[in-house]
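Chain residues, written in single-letter form:
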Amino acid sequence: MTSPTSSDIRAAVLQLSVTADKSANIAIAVKRIQQAKSNGCTLAVLPECFTTPYDNALFRKYAEIIPDGETCKALSQAAKSNKMYVVGGSIPELCDNKVYNTCTVWDPNGNLIAKHRKVHLFDVNIPGSTCFKESNAMSPGNTLNTFQMGKLKVGLGICHDMRFSEMAALYQKQGCDLLIYPGAFCTELGPPHWSLLIRFRALENQTFVIAASPARDTKSNYVAWGHSMVVDPWGKIVEEANEKDMDLYVDLDFTIRENIKRQIPTGNQRRTDIYDTIDVKNKK
């Protein structure tokens, strides 16, 4: 197959319902990837924790070793059989007796080409609203992670990672054309913050941003906001889901990004003699 170029990316953002049946969740994800292929997509993006309810008490129970677990084998085969790139949302990963919130990426040959462990864990305490401490059940990742999709470079984050502009700025410095955030904002924080943060990350870094949420389940202990979204480098919402189980199919034209970079060349206007954003591990 030919590699994607700057003008032929059709992305599927799969806003799936998540149940307590892990194998059923995986089977539905595979089916929706197949449907995305039949709709001409070359990229499919799954939600955060699409194999398990978002619950500290369940993460270790549902965790698996990457790349040998049930989910990874299914996603690898789905990517290969459909000749697509698959960004596997996130799953609980078990490694050295620790649990991570981890996104895997699979190329059209079924190879694992990237893995991102959620760097910023969702620890919040808003009186009368939301109290959740992901760090009670999971460990944080310690690296930024990108992958190539043909000529395009993609940066990865998971949910709460979206709030940290420095992380996105480093991806922009690395030349990322697209940022992908599987995320499950709750119904308290979704309305004021979800759209705003996605548009900020797109606008300030002049990149496309895809954010993939699970569908809303009001019977769940943790109720996801939904509203998966694709935003262009101008900060414009290209497509947005509602709260229901549904898929978005979006054509991404990366010439938009190149035009905006020429029109408003902020990448060349940063005053690094006064301030900078640095990847401490790589000293750049």
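Treat the numbers as computed from the prediction; the structure is a model and nothing was measured.

1. Remarks on the overall build of the protein chain
Thought 1: Counting its regular elements, the protein chain contains 7 helices and 15 strands.
Thought 2: At 18 Å, the protein chain has a C-alpha radius of gyration in line with the 19 Å of a compact globule built from 284 residues.
Thought 3: Each principal axis of the C-alpha atoms in the protein chain carries an extent, and together these give about 50 × 50 × 35 Å.
Thought 4: As displayed, the protein chain offers around 12,500 Å² of accessible surface, 50% of which is attributable to carbon and sulfur atoms.
Thought 5: A gap of 3 Å separates the mean positions of the 33 positive and 30 negative side-chain charges of the protein chain.

2. Digging into the pattern of salt bridges
Thought 1: Applying the stated rule across the entire model yields 15 salt bridges.
Thought 2: Close ionic contact of K115 with E93 constitutes a salt bridge, the shortest N to O distance being 3.0 Å. Here K115 is found in strand β6 (residues 112-117), whereas its partner E93 is found in strand β4 (residues 91-95), with 22 residues between them in sequence.
Thought 3: A salt bridge links E93 to R117; its shortest N-O distance comes to 2.9 Å. Taken together, the residues span a long stretch of sequence, with E93 in strand β4 and R117 in strand β6 at a distance of 24 residues.
Thought 4: Taking the relative accessible area as the measure of exposure, E93 reaches 1% and is therefore buried.
Thought 5: A single salt-bridge network, built from bridges that share partners, covers R32, D245 and D247.

3. Brief notes about the pairing of β4
Thought 1: Bridge count between β4 and strand β5 (residues 98-106): 5 bridges; the pairing is antiparallel. Looking across to β5, one finds that C95 is bridged to K98.
Thought 2: The antiparallel hairpin formed by β4 and β5 contains 2 residues in its connecting segment, where D96 sits at a positive phi of about 50°.

4. Some points on the side chain of D177
Thought 1: Relative to the elements of secondary structure, D177 occurs in the loop between α4 (165-173) and β11 (178-182).
Thought 2: Residues within four places of D177 in sequence aside, it is in contact with K151, L152, K153, T207, F208, F254, R257 and E258.

5. Quick look at the confidence of the model for the protein chain
Thought 1: Of all residues in the protein chain, 98% have pLDDT values of 70 or greater, and the mean over the chain is 95.
Thought 2: Confidence drops under pLDDT 50 across residues 1-7; counting only partners more than four residues distant or on other chains, this segment forms 16 contacts.

6. Side note on the packing of α4 against helix α5 (residues 190-205)
Thought 1: At a minimum axis distance of 10 Å, the contact between α4 and α5 shows a crossing angle of 35°. α4 and α5 meet at a crossing whose hand is right-handed. Together, S165, A168, A169 and Q172 of α4 and R201, E204 and N205 of α5 make up the contact between the two elements.
Thought 2: The residue inventory of the contact of α4 with α5, partitioned by class, reads 2 nonpolar, 3 polar and 2 charged.

7. Description of α5
Thought 1: The end-to-end C-alpha distance of α5 is 22 Å, a good match for the 22 Å that 16 residues give at a rise of 1.5 Å each.
Thought 2: Residues of α5 that are buried include every one of G190, W194, L197, I198, R201, A202 and N205, and no others. Projection of α5 onto a plane perpendicular to its axis shows the buried side chains occupying an angular sector of 125°, all on one side.
Thought 3: The secondary structure elements touched by the buried residues of α5 are α4, β11, β12 (208-212), β13 (229-231) and α6 (255-263).
Thought 4: Once α5 finishes, Q206 follows within two positions and takes phi at roughly 55°, a positive value.

Conventions we followed
- For every chain, the first residue of its written sequence is number 1, and the numbers climb from 1 along that sequence.
- Residues qualify for local features only when their pLDDT is at least 70, as the model is predicted, and side-chain atom pairs are given and counted only at 80 or more; totals for whole chains, interfaces and linings, by contrast, use all residues.
- The side-chain quantities take in all heavy atoms of the structure and omit both hydrogens and water.
- Numbering of helices and strands starts at the N terminus; helices are DSSP runs of H or I of at least 4 residues and strands are runs of E of at least 2.
- Here the radius of gyration uses the C-alpha set of atoms, whereas the globule reference equals 2.2 Å times the residue count to the power 0.38.
- Note on areas: Shrake-Rupley, 1.4 Å probe, and residue coverage restricted to the protein chains presented here.
- Here Asp and Glu are counted as negative and Lys and Arg as positive; His is not counted, and neither are the chain ends.
- Where a charge lies is defined by one atom per residue type, namely NZ (Lys), CZ (Arg), CG (Asp) and CD (Glu).
- Think of a salt bridge as a Lys or Arg side-chain nitrogen and an Asp or Glu carboxyl oxygen that are within 4 Å of each other.
- Here's how the labels work: a residue is buried when its accessible area is under 20% of the maximum for its type, exposed when over 50%, partly exposed in between, all with a 1.4 Å probe on protein chains only.
- Only when DSSP finds a minimum of two bridges between them are two strands counted as paired.
- Only heavy atoms enter the contact rule, under which two residues are in contact if any of them lie within 4.5 Å.
- Confidence per residue, as judged by the predictor, is encoded in pLDDT with a range of 0 to 100.
- Axis lines are fitted to C-alpha atoms, over the contacting stretch for helices. Their N-to-C directions set the angle, which ranges from 0 to 180 degrees.
- If you view the pair so one helix is near and one far, a crossing is left-handed when the near helix is turned anticlockwise from the far one by less than a right angle, and right-handed when it is turned clockwise.
- Classification used: nonpolar for Ala, Val, Leu, Ile, Met, Phe, Trp, Tyr, Cys and Pro, charged for Asp, Glu, Lys and Arg, polar for all others including Gly.
- Each helix should span, by expectation, one fewer than its residue count multiplied by 1.5 Å.
- The arc in question is traced by the directions running from the helix axis to the C-beta atoms.

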